[in-house]
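Here are the chains, one letter per residue:
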Amino acid sequence: MQISLQTVYDNLEKIDRVDATTSAMYRQSAQEVLADPEISLEWRKAISDRLNRVNHELTVHAHVDDDSY
C-alpha cells in the first residue's frame, strides 16, 4: 500500500468536499484496505465503519438536494 492507513481513514472524512475523481480514489483506497487480509481487523473495521457512514450521509444529502418540492 502506497499511502498510510491513517491517511486512507482521514481521506474518507473529507470525501464530501473533494471532486468526483478524488472521491473515487479515496473510495478505491478504502476498498483496497478492506480487501487486504494482511491489514489488521481493527484498521479494516475502522475504515469500513467510516466508509459506511460517509456513504450513508452522501445518500441522505443527495436525496434532500434532489427533491424538487
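Here's a quick rundown of the structure. As a convention, each chain's residues are numbered from 1 in the sequence order in which they are written. A pLDDT threshold of at least 70 governs which residues receive local features in this predicted model, and a stricter bar of 80 or more applies before side-chain atom pairs are shown or counted, although totals over entire chains, interfaces and linings include all residues. Note that water and hydrogens are dropped before the side-chain values are worked out from all heavy atoms of the structure.

## With respect to the packing of aromatic side chains
Link 1 in the chain: Only Phe, Tyr and Trp rings are paired, with Trp represented by its six-membered ring, and only when their centres lie within 6.5 Å; those with planes under 30 degrees apart are stacked, over 60 edge-to-face, the remainder tilted. Evaluated as defined, the whole model comprises one aromatic pair.
Link 2 in the chain: Consider the rings of Tyr9 and Trp43, whose centres lie 6.3 Å apart with planes at 75 degrees: the pair is edge-to-face. Taken together, the positions of Tyr9 in helix H1 (residues 5–13) and Trp43 in helix H3 (residues 41–66) put the pair 34 residues apart, joining distant regions of the chain.
Link 3 in the chain: Note on criteria: charge over ring means Lys NZ or Arg CZ within 6 Å of the ring centre, with the direction from the centre no more than 35 degrees off the ring normal. The ring of Tyr9 carries Arg50 above its face, with NZ or CZ at 3.6 Å from the centroid. Helical segments are the DSSP runs of H or I of at least four residues, strand segments are the runs of E of at least two, and each set is numbered from the N terminus.

## Some details on the nonpolar core
Link 1 in the chain: What we call a nonpolar core is a set of buried Ala, Val, Leu, Ile, Met, Phe, Trp, Tyr and Cys residues that are connected through their side-chain atoms within 4.5 Å. Residue exposure (1.4 Å probe, protein chains only): buried if accessible area is under 20% of the type maximum, exposed if over 50%, otherwise partly exposed. Listed in full, the 10 residues of the largest apolar core are Val8, Leu12, Ile15, Tyr26, Ala30, Val33, Ile39, Ile47, Leu51 and Val54.
Link 2 in the chain: Looking at this core, the elements with two or more residues in it are H1, helix H2 (20–35) and H3.
Link 3 in the chain: Only heavy atoms matter for contacts: two residues are in contact if any of them lie within 4.5 Å across the pair. Sequence-distant contacts of Ile15, that is, excluding residues within four places in its chain, are made with Ser23, Tyr26, Arg27, Val54 and Leu58.

## Concerning the pattern of salt bridges
Link 1 in the chain: Any Lys or Arg side-chain nitrogen located within 4 Å of an Asp or Glu carboxyl oxygen qualifies as a salt bridge. The tally for this structure, following the rule as stated, stands at five salt bridges.
Link 2 in the chain: The closest approach of N and O atoms between Arg53 and Glu13, which form a salt bridge, is 2.9 Å. One end of the pair, Arg53, is in helix H3; the other, Glu13, is in helix H1, and 40 residues separate them in sequence.
Link 3 in the chain: A residue is classified by how much of its surface remains accessible, and Arg53, at 33% relative accessible area, is partly exposed.
Link 4 in the chain: Among the ionic pairs, Asp49 bridges to Lys45, the shortest N-O distance being 2.9 Å. Placement of both Asp49 and Lys45 in helix H3 is noted, with a separation of four residues, approximately one turn of the helix.
Link 5 in the chain: Connected through salt bridges with shared partners, the residues Glu13, Arg50, Arg53 and Glu57 form a single ionic network.

Don't take any of this as a statement about function, it's just geometry.
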